[in-house]
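Okay, here's what each chain looks like letter by letter:
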Amino acid sequence: MNGRRLAAIVKKEFIQIKRDKASLGIIIMMPLLMMFLFGYAVTTNVDHISVAVLDQDKSAASRELIDNFRESTYFDFNYYVYSQKEISNLIDSGRVKGGFVIPANYSRDLKRSGSPQVQFVVDGSDPTVARTAMNTATILAQRQSMDIRVRHLEQRGVSLDSVPGIDFRPQVWFNPELDSIKFNIPGLIGLVLQNITVLLTAFALVRERERGTMEQLIVTPIKPRELIIGKLIPYVVIAFIDVIIVLSIGVYWFNVPVKGSMLSLMLQSLVFLLVALGLGILISTVARTQLQAMQMTVLLILPSVILSGFIFPREAMPLPIQLLGNLIPLTYFLEILRGVILKGVGLEYLWKDVVILFVIGTATLTVASLRFKKNLD
Amino acid sequence: MDTVLEISGLTKRFGDFTAVDGVSFSINRGEVFGFLGSNGSGKTTTVRMLCGILTPTGGEGNVLGYDIYSQTENIRQAIGYMSQRFSLYEELTVVENMDFYAGTYSVSAREADARKKELIALVGLEGKEKQFAGTMSGGQKQRLALACALLHQPPLLFLDEPTAGVDPLSRRNFWKILHQLAAQGVTVFVTTHYMDEADQCHRLGFMHQGRLIGLGPPSKLKNDLGVDTMEDVFIAFAERGEEAVRER
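Residues numbered from 1 in each chain as written. Chains lettered and ligands numbered in written order. Predicted model: local features only at pLDDT ≥ 70, side-chain atom pairs only at ≥ 80, totals over all residues. Heavy atoms only, no water.

Asks: So what exactly am I meant to see when it comes to the overall build of chain B here?
Replies: The number of helices and strands found in chain B is nine helices and 10 strands. Computed over its C-alpha atoms, the radius of gyration of chain B comes to 18 Å, within 12% of the 18 Å expected for a compact globule of 248 residues. When the 248 residues of chain B are sorted by exposure, 54% land in the buried category. Long-range pairs, those at least 24 residues apart, make up 68% of the contacts in chain B with a sequence separation of at least 6. (Helix = DSSP H or I, 4+ residues; strand = E, 2+ residues; numbered from the N terminus. Rg over C-alpha atoms; globule rule 2.2 N^0.38 Å. Buried < 20%, exposed > 50% of the residue type's maximum accessible area, 1.4 Å probe, protein only. Contact = heavy atoms within 4.5 Å.)

Shown next as structure tokens:
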């Protein structure tokens, strides 16, 4: 390894990146765009579900029921209608996702200690929204029903404490608000890091070949490993700048603090970077043109988004698909990112993922260098 | 006169195909040696073996005293090479391109500064130091590529069709520079398709189907064949080559 030659390659590469608008765009705009797009669009939190209500009772009791639902912020009562037909029209047109029907005998039945039927219909075409609406409505209605019963018992002089029941206290760790952004942000850091490094390094060698400068480089005393390392160093620096951009947006804009050690997070990111750079260089040795390199990168990124557990939980996938996900490096990095950022755990729990990434990274980089040497002859 | 390059029986086979077949010649210091032949005659393969980027299948050879099998790294460090594609980085300026190639040959920064000035003057690119290589004319790119190949003061310079796609005036200027270099003791090994350029070489080698079928100064070749122009020399050699192939 010759320092002067290495420095010359690094410097040249930095100048080229600096003057290439497309590269700069990828480096700066891609993390910002992906953070805000995924940060806001990929959310599984459902609230403010638009609903219609057909209140045939129009009593204090029915208004109390509606108010309780509204205060939960899960439901917006945007339409007060006068017939079942109107509810189905609103659902058909997509203006509401559900409808309540409170019968005319609601308050009268309650006074007589009966159980009036309250109907709730949901548009099931979007299962995520429908599931949230059903579950929330069921819980809210049960609580309302419970309150009414307790009131009745107390009127008759029976104290609640004398009736047996369960005091159930669920507790959610790490993300008590079950906010999906907290789950998404760490994953996004991994995805952004992967996409940018693979894409940029995939272009690195192909560009030299396409422009004919490779022919000249082969005749110079530069060694293959010097060329590869010299080309990778600038992208390591850039990838870290991007990690910092993405982390800052996560921490300061989306309020997802890093619970674990920052140093540990950076070091473990470096191991993943090894993998991403290896994949990029590998593409670079296979692809003949920049277009081919681009296509191969997309082919690599798409399955990693779906199989790594970035959006869809891996627990829900059938076993063969889960195993396929085990082949994707991003899967392991997501474990690391979520572990350090959300749970605040360190290497004592994550060492397996780090080891696997290290092995994959060294393997891809070695294969890439060997392939590159072959290309010279 | 000292020899800078010597090969004997140099052969390169790719599978069943023999690209270079027992070629022998030597070149002296300060010579401008022209290497001629049609496409696929084995010219480029020979040059690549001499530059240490392709391992020969057979034969012997040394370049600047280094063995072409075992000392390819020394060869690459010592020679200068310029390809017909003028391998420049278009988004880099004249000086940045030169800095890069100075680095690849481990020329120290101080030495490179002195060499850059000298070479920019030699190839006539004064005042264009900060111009991007991509915005220059074909002739200017060619001269910049030459300057880049000379930064580490190579005693032997390989030029692979250096004037392809350059206007006649630029070509003439370029050859003036080559002769200047030769006068300073730099040996120039140049492949070309242009017969007027072949005329300006001290000595020529003709390749045909992997074999060297003619070697000597332009005037001697013309006399021997009884023709007046280099064009006729080329045609005569090409025809003789075809006959030789038929007899084989």
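Asks: Could you clarify how one ought to interpret the sheet that holds strand β3 (residues 32–36) of chain B in this entry?
Replies: Sheet strands line up and pair through hydrogen bonds in the backbone, either parallel or antiparallel. Residue and element names in this part refer to chain B. Taken in spatial order, the six strands of this open sheet run β6-β7-β8-β3-β9-β10, and their pairing is mixed. Bordering the open sheet on either side are β6 (80–82) and β10 (211–216), each of which pairs with just one other strand. The mean angle between the axes of side-by-side strands here comes to 15°, regardless of whether they run parallel or antiparallel. Sheet analysis places β3 next to strand β8 (residues 187–191), joined by four bridges and oriented parallel. Counted as the bridge partner of Phe33 is Phe189 from β8. (Pairing = 2+ DSSP bridges. Axes fitted to C-alpha atoms, helices over the stretch in contact; angles between N-to-C directions.)

Asks: What am I meant to see in the domain arrangement of chain A here?
Replies: When the parts come together, some accessible area is lost, and that loss is often what is quoted as the size of the interface. Domain boundaries assigned for chain A yield domain 1 (3–42 + 179–376) and domain 2 (49–162). Computed over C-alpha atoms, the centres of domain 1 of chain A and domain 2 of chain A are 50 Å apart. (Domains from an automatic or database assignment.)

Asks: Quick question: what am I supposed to make of the interface of chain B and chain A here?
Replies: At the interface, 32 residues of chain B touch 26 residues of chain A. Regarding the contact of chain B and chain A, the summed buried area is about 2,600 Å², with carbon and sulfur atoms giving 55% of it. The tally of links from chain B across to chain A stands at three salt bridges. Linking Lys223 of chain A and Glu73 of chain B is a salt bridge whose minimum nitrogen-to-oxygen distance equals 3.6 Å. On inspection of chain B and its partner chain A, the count reaches 12 residue pairs in polar contact (both at pLDDT 80 or more). Elements with a contribution of two residues or more to the side of chain B that touches chain A: α2 (72–78), β6 and α3 (94–104) of chain B. (Buried area = accessible area lost by both parts, 1.4 Å probe. Salt bridge = Lys/Arg side-chain N within 4 Å of Asp/Glu carboxyl O. Polar contact = N/O pair within 3.5 Å; in protein donor to acceptor, adjacent residues only side chain to side chain.)

Asks: Looking at this structure, how should I read the sheet that holds strand β2 (residues 75–80) of chain A?
Replies: Residue and element names in this part refer to chain A. Read from one edge of the open sheet, four strands run β2-β1-β3-β4, paired in mixed fashion. Two strands lie at the open edges of the sheet, namely β2 and β4 (119–122), each paired on one side alone. On average, adjacent strands in this sheet sit at an angle of 25° to one another, irrespective of strand direction. When strand β3 (residues 98–102) meets β4, the two strands line up antiparallel, connected through four bridges. The residue bridging Val101 from the neighbouring strand is Gln119, located in β4. Together, β1 (49–55), β2 and β3 form the strand contacts of helix α3 (residues 60–71), whose direction differs from that of β2 by roughly 135°. With respect to the sheet, helix α6 (residues 127–155) is in contact with β1, β2 and β4, its orientation differing from that of β4 by roughly 165°.

Asks: Looking at this structure, how should I read the side chain of Thr93 of chain B?
Replies: Looking at the element boundaries, Thr93 of chain B is found in the loop between β6 and α3. Once you skip the residues sitting within four places of it in the chain, Thr93 of chain B turns out to touch Arg19 of chain A together with Glu129, Lys130, Gln131, Phe132 and Ala133 of chain B.

Asks: Help me out: how do you make sense of the packing of helix α1 (residues 3–19) of chain A against α3 of chain B in this one?
Replies: When two helices pack together, you describe them by how their axes are tilted relative to each other and by the distance separating the axes. At their nearest, the axes of α1 of chain A and α3 of chain B sit 7 Å apart, and the two run at 155° to each other. Relative to α3 of chain B, α1 of chain A is oriented roughly antiparallel. With respect to the hand of their crossing, α1 of chain A and α3 of chain B are arranged in left-handed fashion. On α3 of chain B, the residues that touch Arg4, Arg5, Ala8, Ile9, Lys11, Lys12, Ile15 and Arg19 of chain A of α1 of chain A are Glu96, Asp99, Phe100, Ala102, Gly103 and Thr104 of chain B. Split into classes, the residues belonging to the contact of α1 of chain A with α3 of chain B amount to five nonpolar, two polar and seven charged. (Parallel < 35°, antiparallel > 145°, perpendicular 65-115°, else oblique. Left-handed = near helix turned anticlockwise from the far one by under 90°. Nonpolar A, V, L, I, M, F, W, Y, C, P; charged D, E, K, R; others polar.)

Asks: Just to check I follow, could you spell out the pattern of salt bridges for this structure?
Replies: In a structure, side chains of opposite charge can pair up when their charged atoms sit close to one another. Going through the model one piece at a time under the given rule, you end up with 25 salt bridges over all chains. The partner of Glu208 of chain A in a salt bridge is Lys12 of chain A, and the shortest N-O contact between them spans 2.4 Å. With a gap of 196 residues between them, Glu208 of chain A in helix α7 (residues 180–211) and Lys12 of chain A in helix α1 connect regions that are remote in the sequence. Here Glu208 of chain A falls in the buried class, since its relative accessible area comes to 2%. Classification of Lys12 of chain A by relative accessible area gives buried; the value is 2%. The closest approach of N and O atoms between Asp199 of chain B and Lys222 of chain B, which form a salt bridge, is 3.1 Å. With Asp199 of chain B in helix α7 (residues 195–199) and Lys222 of chain B in helix α8 (residues 218–225), this residue pair connects regions lying 23 residues apart in the sequence.

Asks: Would you mind showing me how to read helix α10 (residues 262–286) of chain A here?
Replies: Count 3.6 residues to each turn of an α-helix, and residues three or four apart come out pointing the same way. Residue and element names in this part refer to chain A. The first and last C-alpha atoms of α10 sit 36 Å apart over 25 residues, in line with the 36 Å expected at 1.5 Å per residue. Of all the 25 residues making up α10, 18 are buried; the element is thus mostly covered by neighbouring parts of the structure. Structurally, the start of α10 carries an N-cap: the backbone nitrogen of Leu263 is 3.3 Å from a side-chain oxygen of Ser261. (Expected span 1.5 Å × (residues − 1).)

Asks: Looking at this model, I keep getting lost on the packing of aromatic side chains. Mind explaining?
Replies: Geometry of an aromatic ring pair is reported as the spacing of the ring centres plus the angle between the planes. Here the structure, examined in full by the defined rule, presents 22 aromatic pairs over all chains. Measuring from centroid to centroid gives 5.3 Å for Tyr89 of chain B and Phe100 of chain B, while their planes differ by 90°, and the two rings are edge-to-face. In this pair, Tyr89 of chain B sits in the loop between β6 and α3 while Phe100 of chain B sits in helix α3, placing the two residues 11 residues apart along the sequence. Like Tyr89 of chain B, the residue Phe100 of chain B is buried in the burial classification. An aromatic cluster is present here, built from Phe69, Phe75, Phe77, Phe100 and Phe120 of chain A joined pairwise through their rings. The side chain of Arg338 of chain A reaches across the aromatic face of Phe183 of chain A, ending 3.7 Å from its centre. Seen from the ring of Tyr194 of chain B, Arg171 of chain B lies directly overhead, with NZ or CZ sitting 3.6 Å from the centre. (Phe/Tyr/Trp six-rings, centres within 6.5 Å; stacked < 30°, edge-to-face > 60°. Lys NZ or Arg CZ within 6 Å of the ring centre and 35° of its normal.)

Asks: Is there a simple way to think about the confidence of the model for chain B in this case?
Replies: Interpretation of the predicted coordinates at a detailed level should be avoided for regions scoring low in pLDDT. When the pLDDT values of chain B are averaged, the result is 90; 98% of them are 70 or greater. Both scores are available for the predicted complex, with the pTM at 0.78 and the ipTM at 0.86. (pLDDT = per-residue confidence, 0-100.)

Asks: What exactly am I supposed to notice about the environment of Gly138 of chain B here?
Replies: All names here are of chain B. Secondary-structure assignment places Gly138 in helix α5 (residues 138–150). The exposure class of Gly138 is partly exposed, given its relative accessible area of 32%. Taking C-alpha positions, Gly138 is 12 Å from Glu90, a pair spaced 48 residues apart along the chain. The residues contacting Gly138, other than those within four sequence positions of it, are Phe86 and Val166.

Asks: I tried to follow the state of the cysteines on my own but got confused; where do I start?
Replies: Note: disulfide means a covalent bond formed between the sulfur atoms of two cysteine side chains. All names here are of chain B. This model, assessed by the stated rule, comprises zero disulfides over all chains. With no disulfide partner, Cys51 has as its closest neighbouring cysteine sulfur the one in Cys148, 16 Å distant. According to the relative accessible area criterion, Cys148 is buried, its value standing at 3%. (Disulfide = S-S within 2.5 Å.)

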